[in-house]
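One letter stands for each residue in the lines below.
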Amino acid sequence: MRRTALTLLTVGLLAATAACSSTTTDRPAAPAPSLTAAAQTGGTASPKAAPPAAAQDAAAVAAKIKKAVHTATTTTNITAADDPNKLLGRPHQYTSATVITDSRIEDTNASGADRGATVEVFATAEDAKARAAYIEAIGKAQPIFAEYDYVHGTVLVRVAKALTPDQAAEYDKAAG
């Protein structure tokens, strides 16, 4: 029983660390590869299968937030090559992601959402909700990983717990 509990705790901590970490760079976001209907369903599809409807881009949402939240100082796009979570462009994961640095965060070593916020955009609203629920479950199990998460359709805005509820609400309002 103890061995199983310790194994589950270790796996949970590793998953939480991977899910909540982010690395920033000054490189522009690379377009995420889109999946064909065949890849999404596991079947075959004609080469002329229609692509999914154009989704929002995390960089555009982050720019909108930066205009509204005056302490949001910089934005940095995450690429598939430097995504620490290795989720960018994967099935049911985000199609673009951008980190926003907030000047109210005093920890200069913070990364990802802990720098201020991270905007993640998904192909579907269901995928965004599933990601938010996953992160919330990690935060409940391990409060050190808690954060504010706001879902607006296909957009998930993850905000640092270092900010107050009123400060985090600025991000929610700006994204909406």
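Residues numbered from 1 in each chain as written. Predicted model: local features only at pLDDT ≥ 70, side-chain atom pairs only at ≥ 80, totals over all residues. Heavy atoms only, no water.

## Concerning the overall build of the chain
Scanning the chain from terminus to terminus reveals five helices and five strands. Order of helices (α) and strands (β) in the chain, N terminus to C terminus: α-α-α-β-β-β-α-β-β-α. When burial is assessed residue by residue, the chain has 36% of its 176 residues classed as buried. Considering only contacts within the chain whose residues lie at least 6 apart along the sequence, 62% involve residues at least 24 apart. (Helix = DSSP H or I, 4+ residues; strand = E, 2+ residues; numbered from the N terminus. Buried < 20%, exposed > 50% of the residue type's maximum accessible area, 1.4 Å probe, protein only. Contact = heavy atoms within 4.5 Å.)

## What to know about the packing of helix α3 (residues 58-68) against helix α5 (residues 165-175)
In the contact formed by α3 and α5, the axes pass within 9 Å of each other and the chain directions differ by 125 degrees. One way to sum up the angle between α3 and α5 is to call them oblique. Judged by the twist between their axes, the crossing of α3 over α5 is right-handed. Between α3 and α5, the contacting residues are K64, I65 and A68 on the first element and Y171, A174 and A175 on the second. (Axes fitted to C-alpha atoms, helices over the stretch in contact; angles between N-to-C directions. Parallel < 35°, antiparallel > 145°, perpendicular 65-115°, else oblique. Left-handed = near helix turned anticlockwise from the far one by under 90°.)

## Here's the deal with the packing of aromatic side chains
For the structure on display, the rule yields one aromatic pair. When the ring of Y94 is compared with that of F122, the centres are 6.1 Å apart and the planes differ by 85 degrees; the resulting orientation is edge-to-face. Note that Y94 is positioned in strand β2 (residues 94-102) and F122 in strand β3 (residues 116-122), a separation of 28 residues in sequence. Taken as a pair, Y94 and F122 share a single burial class, namely buried. (Phe/Tyr/Trp six-rings, centres within 6.5 Å; stacked < 30°, edge-to-face > 60°.)

## Some details on α5
Residues of α5 that are buried: A168, Y171, A174 and A175. End-on, the buried residues of α5 take up no more than an arc of 115 degrees, which puts them together on one face. Turned more than 90 degrees away from the buried face of α5 sit P165, D166 and K173, all of them exposed. Looking at the buried residues of α5, the elements they touch are α3, β1 (72-78), β2, β3, β4 (148-152) and β5 (155-159). (Arc of directions from axis to C-beta.)

## Some details on the confidence of the model for the chain
Regions with low pLDDT carry predicted coordinates that are not meant to be interpreted in detail. For the chain, per-residue confidence averages 78 on the pLDDT scale, and residues scoring 70 or more make up 69% of the total. Of the regions scoring below 50 in pLDDT, residues 1-11 engages in one contact with residues more than four places distant in sequence or in other chains. Note that residues 13-54 has pLDDT below 50 and, in this model, 55 contacts with residues that lie over four places away or in other chains. (pLDDT = per-residue confidence, 0-100.)

## What about the pairing of β5?
Two faces belong to every sheet, and in a regular strand the side chains alternate between them. The buried fraction of β5 is high, at five of five residues. Side chains V155, V157 and V159 project from β5 onto one buried face, and the interleaved L156 and R158 project onto a second face that is buried too. Pairing geometry for β3 and β5, over five bridges, is antiparallel. In the sheet register, V119 faces β5, and the bridge partner there is V157. Sheet topology note: the β4/β5 ladder contains five bridges and is antiparallel. The residue of β5 that forms the bridge with V151 is L156. Once β4 ends, the chain turns through two residues before running back antiparallel as β5, passing G153 with a positive phi of about 65 degrees. (Pairing = 2+ DSSP bridges.)

## A short note on the pattern of salt bridges
When their charged atoms lie close together, side chains carrying opposite charge are able to pair. This model, assessed by the stated rule, comprises six salt bridges. The shortest N-O distance in the salt bridge between R158 and E147 comes to 2.7 Å. Taken together, the residues R158 in strand β5 and E147 in the loop between α4 (125-141) and β4 connect sequence positions 11 residues apart. Residue R158 shares its accessibility class with E147, and that shared class is buried. Overlapping salt bridges, with partners in common, bring together E120, R131, E147 and R158 in one network. (Salt bridge = Lys/Arg side-chain N within 4 Å of Asp/Glu carboxyl O.)

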